[in-house]
Amino acid sequence: QVQLVESGGGLVQPGGSLRLSCAASGSILRFDAMGWYRQAPGKQRELVATITSGGRTNYADSVKGRFTISRDNAKNTVYLQMNSLKPEDTAVYYCNAATFGAFVHMYWGQGTQVTVSS
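Calculation notes
- Residues numbered from 1 in each chain as written.
- Predicted model: local features only at pLDDT ≥ 70, side-chain atom pairs only at ≥ 80, totals over all residues.
- Heavy atoms only, no water.
- Helix = DSSP H or I, 4+ residues; strand = E, 2+ residues; numbered from the N terminus.
- Polar contact = N/O pair within 3.5 Å; in protein donor to acceptor, adjacent residues only side chain to side chain.
- Contact = heavy atoms within 4.5 Å.
- Salt bridge = Lys/Arg side-chain N within 4 Å of Asp/Glu carboxyl O.
- Buried < 20%, exposed > 50% of the residue type's maximum accessible area, 1.4 Å probe, protein only.
- Pairing = 2+ DSSP bridges.
- Axes fitted to C-alpha atoms, helices over the stretch in contact; angles between N-to-C directions.
- Phe/Tyr/Trp six-rings, centres within 6.5 Å; stacked < 30°, edge-to-face > 60°.
- Lys NZ or Arg CZ within 6 Å of the ring centre and 35° of its normal.

With that settled, the discussion passes to unusual backbone geometry. Positive phi values are uncommon outside glycine, yet Asn76 reaches one of about 55°. Mapping Asn76 onto the fold places it in the loop between strand S7 (67–72) and strand S8 (77–82). We note that Ser84 has phi near 50°; this positive angle belongs to a residue other than glycine. Relative to the assigned elements, Ser84 resides in the loop between S8 and strand S9 (91–99).

Here it is, written out as structure tokens:
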């Protein structure tokens, strides 16, 4: 059973920074990719950033240059460093892990709230 536990969310002023963490139960090397998604009230869940087992990263246009995804394989943890936060970044942020093969298996954390407001 895969467990993903997010932490690091909270309330921050516009222009501020937060770092989200996603701790996995067991090795994250078993996943082909891990990532962060977010869902704002009344909106669909959207991709924020992903990182493959080989370290290749991908970002949504709205966060490029502001957010950085990274992974620490020894700690089985993925991070999302968020800088220059904007009110429109307010959402519940979900950690995701995926394996690709004949079928795609997706695993999700419970989410952590990020609120950007003055």
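Let's pick the thread back up.
Now for the side chain of Asn96. Locating Asn96 in the fold gives a position in strand S9. Polar side-chain contacts of Asn96 include one of 3.4 Å to the backbone oxygen of Tyr107.

Okay, the environment of Gln113 next. Take Gln113: it is sitting in strand S11 (residues 112–116). Taking the C-alpha atoms as reference, Gln113 lies 27 Å from Leu29; in sequence the two are 84 residues apart. Beyond its immediate chain neighbours, meaning those up to four positions away, Gln113 contacts Gly9, Gly10, Thr90, Ala91 and Val92.

Enumeration over the complete set of coordinates arrives at four salt bridges. Note that Asp89 is salt-bridged to Arg38, the shortest N-O span being 3.0 Å. Of this pair, Asp89 sits in the loop between S8 and S9 while Arg38 sits in strand S4 (residues 33–39); the two residues are 51 residues apart in sequence, bridging distant segments of the chain. Judged by its relative accessible area of 0%, Asp89 falls in the buried class.

What follows deals with the sheet that holds S8. Strand order in the open sheet made by the four strands is S1-S3-S8-S7, with antiparallel pairing throughout. Two strands bound the open sheet, and with one partner strand each, they are strand S1 (4–7) and S7. On average, each strand axis in the sheet is tilted by 15° relative to the strand beside it, whichever way the strands run. Pairing between S7 and S8: six bridges, direction antiparallel. Each bridged residue has a counterpart across the sheet, and for Arg71 the counterpart in S8 is Val78.

A few words now on the packing of aromatic side chains. Per the counting criterion, the structure on display carries two aromatic pairs. Summarising the aromatic geometry, the rings of Phe31 and Tyr107 are spaced 6.0 Å apart at their centres and angled 55° between planes, so their arrangement reads as tilted. Residue Phe31 is located in the loop between strand S3 (18–24) and S4, and its partner Tyr107 is located in strand S10 (residues 105–108); the two are separated by 76 residues in the primary sequence. With a centroid separation of 5.0 Å and an interplanar angle of 70°, the aromatic rings of Tyr37 and Trp108 are classed as edge-to-face. On the criterion of sequence distance, the pair formed by Tyr37 in strand S4 and Trp108 in strand S10 is long-range, its members being 71 residues apart. Cation over ring: Arg45 sits above Trp108, and NZ or CZ is 4.6 Å from the ring centre.

Everything listed here is a matter of geometry and, on its own, says nothing about what the molecule does.
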